[in-house]
Amino acid sequence: MRPNKVGQVVRFHTPYPDEDPNMIYHLLDFDERNHFPTPSADIQVIFSDLSFVPINRVRLEELEVVEFDLKDLMRYKITVIKEDNTEAVGRVVKLHQEKIIPELSVIKGKGVMTNALITIKDFDGQEHTGFLFVTPNPEFSNLIHY
């Protein structure tokens, strides 16, 4: 599927032989009105060891949207942002969809808000429903699989 919204997670549909085909990027901006020679998109690699991650401009037609399987999150400890904008931490007990086309929104200095609606059970046994919030905490760095 061709990207159509800022915030989507994308990858190159036909990477060069020396490129990692599993490398995923955050779609920062694109302009389909700019058709010379083809619409361009600004992307930034999601997982990087660099302290300053560069933004790359590529042709939009070279990208495809990545679908994430959320089943791997079951029973993991995560943070969600609830409807009232409060955070809750607990273990995943319910997925409201098994697969999503993620849309990311960076909250500077805090983490990344996603569109994955999840129910967790906190350590007092209370359930909370909200959107998955990914923080730079290394404990959670291997949770997202695609």
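Further up the page is the structure itself.
Residues numbered from 1 in each chain as written. Predicted model: local features only at pLDDT ≥ 70, side-chain atom pairs only at ≥ 80, totals over all residues. Heavy atoms only, no water.

**A word on the sheet that holds strand S1 (residues 9–12)**
Step number 1: Strand order in this open sheet of five strands is S4-S3-S2-S1-S5, and the pairing throughout is antiparallel. Two strands close off the open sheet at either side, each with one partner strand: strand S4 (56–59) and strand S5 (63–65). Taking each pair of neighbouring strands and ignoring which way they run, the sheet shows an average axis angle of 50°.
Step number 2: Examined bridge by bridge, strand S3 (residues 40–45) and S4 share four bridges and lie antiparallel to one another. Within the sheet, the bridge partner assigned to Asp42 lies in S4 and is Arg57. (Pairing = 2+ DSSP bridges. Helix = DSSP H or I, 4+ residues; strand = E, 2+ residues; numbered from the N terminus. Axes fitted to C-alpha atoms, helices over the stretch in contact; angles between N-to-C directions.)

**Section: the pairing of strand S11 (residues 111–121)**
Step number 1: Looking at chain direction, strand S8 (residues 87–95) and S11 are connected through four bridges and run antiparallel. Residue pairing for S11: Leu95 is matched across the bridge by Ile118.
Step number 2: The antiparallel hairpin formed by strand S10 (residues 105–107) and S11 contains three residues in its connecting segment, where Gly109 sits at a positive phi of about 80°.
Step number 3: Pairing between S11 and strand S12 (residues 127–134): seven bridges, direction antiparallel. Bridge pairing links Ile120 to His128 in S12.
Step number 4: Counted between consecutive antiparallel strands, the loop separating S11 from S12 contains five residues, among which Gly125 sits at a positive phi close to 90°.

**Considerations on the pattern of salt bridges**
Step number 1: This model, assessed by the stated rule, comprises seven salt bridges.
Step number 2: Among the salt bridges present, the one from Arg11 reaches Glu64, with a minimum N-O distance of 3.3 Å. Pair noted here: Arg11 is in strand S1 and Glu64 is in strand S5, with a separation of 53 residues, a long-range link.
Step number 3: Since its relative accessible area comes to 19%, Arg11 is described here as buried. (Salt bridge = Lys/Arg side-chain N within 4 Å of Asp/Glu carboxyl O. Buried < 20%, exposed > 50% of the residue type's maximum accessible area, 1.4 Å probe, protein only.)

**Examining the nonpolar core**
Step number 1: Membership of the largest hydrophobic core comes to 17 residues, with the highest contact counts inside it found for Ile78, Val92, Ile118 and Ile120.
Step number 2: For this core, the secondary-structure elements that each account for two or more residues are strand S7 (77–82), S8 and S11.
Step number 3: Ranked by size, the runner-up nonpolar core spans 12 residues in total, among them Phe12, Leu27, Phe30 and Leu63. (Core = buried A, V, L, I, M, F, W, Y, C linked by side-chain atoms within 4.5 Å.)

**Some points on unusual backbone geometry**
A negative phi angle characterises most non-glycine residues, just as the trans form characterises most peptide bonds.
Step number 1: For Arg75, which is not glycine, the phi torsion reads 75° and is therefore positive.
Step number 2: Considering the arrangement of structural elements, one finds Arg75 in the loop between strand S6 (68–69) and S7.
Step number 3: In this structure, Asn85 takes a positive phi of about 70° despite not being glycine.
Step number 4: Position of Asn85 relative to the elements: it lies in the loop between S7 and S8.

**So, the side chain of Asp122**
Step number 1: Summarising the element assignment, Asp122 is placed in the loop between S11 and S12.
Step number 2: Buried Asp122, no salt bridge; nearest opposite-charge side chain is Lys82, N-O distance 7.3 Å.
Step number 3: Separated by 2.8 Å, the side chains of Asp122 and His128 make a polar contact.
Step number 4: Setting aside its immediate chain neighbours within four residues, Asp122 contacts Val89, Gly90 and His128. (Lys, Arg positive; Asp, Glu negative; His and termini not counted. Polar contact = N/O pair within 3.5 Å; in protein donor to acceptor, adjacent residues only side chain to side chain. Contact = heavy atoms within 4.5 Å.)

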